[in-house]
Amino acid sequence: MSSALYEIVELADGGVGLRRAGEDESEPLVCIKFSKEAEEFLKEARFDVVKAMIEAGLETVGDLAEQNYAEFELEPEQRTLH
């Protein structure tokens, strides 16, 4: 993902999504939908849970990107030229 700005939005179906800021008509990059039971338990705190879930996901994506970059950087050094 690029370093663009993102926003957490409530979707028409009651779910919550992550989309690029200013792209109101675009499909969300991530959608999270809770069961009725979970919604009743969480109430308005569901946005806090969604935010934590998205932050954890973005952190993991960043870690994966760093690992892939590190592997890419190591590749030429691992080659032996004769």
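For the structure itself, consult the block above.
Remember, predicted model here, so these are calculated numbers, not experimental data. (Residues numbered from 1 in each chain as written. Predicted model: local features only at pLDDT ≥ 70, side-chain atom pairs only at ≥ 80, totals over all residues. Heavy atoms only, no water.)

Chemist: How should the pattern of salt bridges be read in this particular structure?
Modeler: Inspection of the entire model under this criterion finds one salt bridge. Linking glutamate 10 and arginine 46 is a salt bridge whose minimum nitrogen-to-oxygen distance equals 2.6 Å. Placement of glutamate 10 in strand β1 (residues 6-10) and of arginine 46 in helix α2 (residues 46-78) is noted, with a sequence separation of 36 residues between them. Note on glutamate 10: relative accessible area 48%, which makes it partly exposed. (Salt bridge = Lys/Arg side-chain N within 4 Å of Asp/Glu carboxyl O. Helix = DSSP H or I, 4+ residues; strand = E, 2+ residues; numbered from the N terminus. Buried < 20%, exposed > 50% of the residue type's maximum accessible area, 1.4 Å probe, protein only.)

Chemist: What is the right way to look at the nonpolar core in this model?
Modeler: Soluble globular proteins tend to bury their nonpolar side chains together. In terms of nonpolar packing, the biggest core is built from seven residues, these being Val16, Leu18, Ile32, Phe34, Leu42, Val50 and Ile54. For this core, the secondary-structure elements that each account for two or more residues are β2 (16-20) and α2. Not counting residues up to four positions away in its chain, the partners in contact with valine 16 are Ile8, Val9, Leu11, Val30, Cys31, Ile32, Arg46, Phe47 and Val50. (Core = buried A, V, L, I, M, F, W, Y, C linked by side-chain atoms within 4.5 Å. Contact = heavy atoms within 4.5 Å.)

Chemist: Explanation requested: the sheet that holds β1 in the structure shown.
Modeler: Neighbouring strands of a sheet are bound in pairs by backbone hydrogen bonds; such pairs are parallel or else antiparallel. The strand order across the open sheet formed by three strands is β1-β2-β3, and the pairing between neighbours is antiparallel. Strands at the two margins of the open sheet, each flanked by one partner only, are β1 and β3 (30-32). The sheet shows a mean angle of 25 degrees between the axes of neighbouring strands, taken without regard to direction. In this structure, β2 lies alongside β3, joined through three bridges in antiparallel fashion. (Pairing = 2+ DSSP bridges. Axes fitted to C-alpha atoms, helices over the stretch in contact; angles between N-to-C directions.)

Chemist: Looking at this model, I keep getting lost on the pairing of β1. Mind explaining?
Modeler: Consecutive side chains along a regular strand alternate between the two faces of the sheet. Direction of pairing for β1 relative to β2: antiparallel, over a ladder of five bridges. Looking across to β2, one finds that isoleucine 8 is bridged to leucine 18. Taking the residues that link successive antiparallel strands as the turn, the β1-β2 hairpin has five residues, and the phi of glycine 14 there is positive, at about 95 degrees.

Chemist: What should I look at first to understand a negative patch on the surface in this one?
Modeler: Taken together, the side chains of Glu55, Glu59, Asp63 and Glu66 define an acidic patch exposed on the protein surface. One can find glutamate 59 in helix α2. On the accessibility criterion, glutamate 59 (54% relative accessible area) is exposed. (Patch = residues over 30% accessible without salt bridge, like charges linked within 9 Å, V, L, I, M, F, W, Y side chains within 5 Å. Areas by Shrake-Rupley, 256 points an atom, 1.4 Å probe, with all protein chains shown as cover. Lys, Arg positive; Asp, Glu negative; His and termini not counted. Charge placed at Lys NZ, Arg CZ, Asp CG, Glu CD.)

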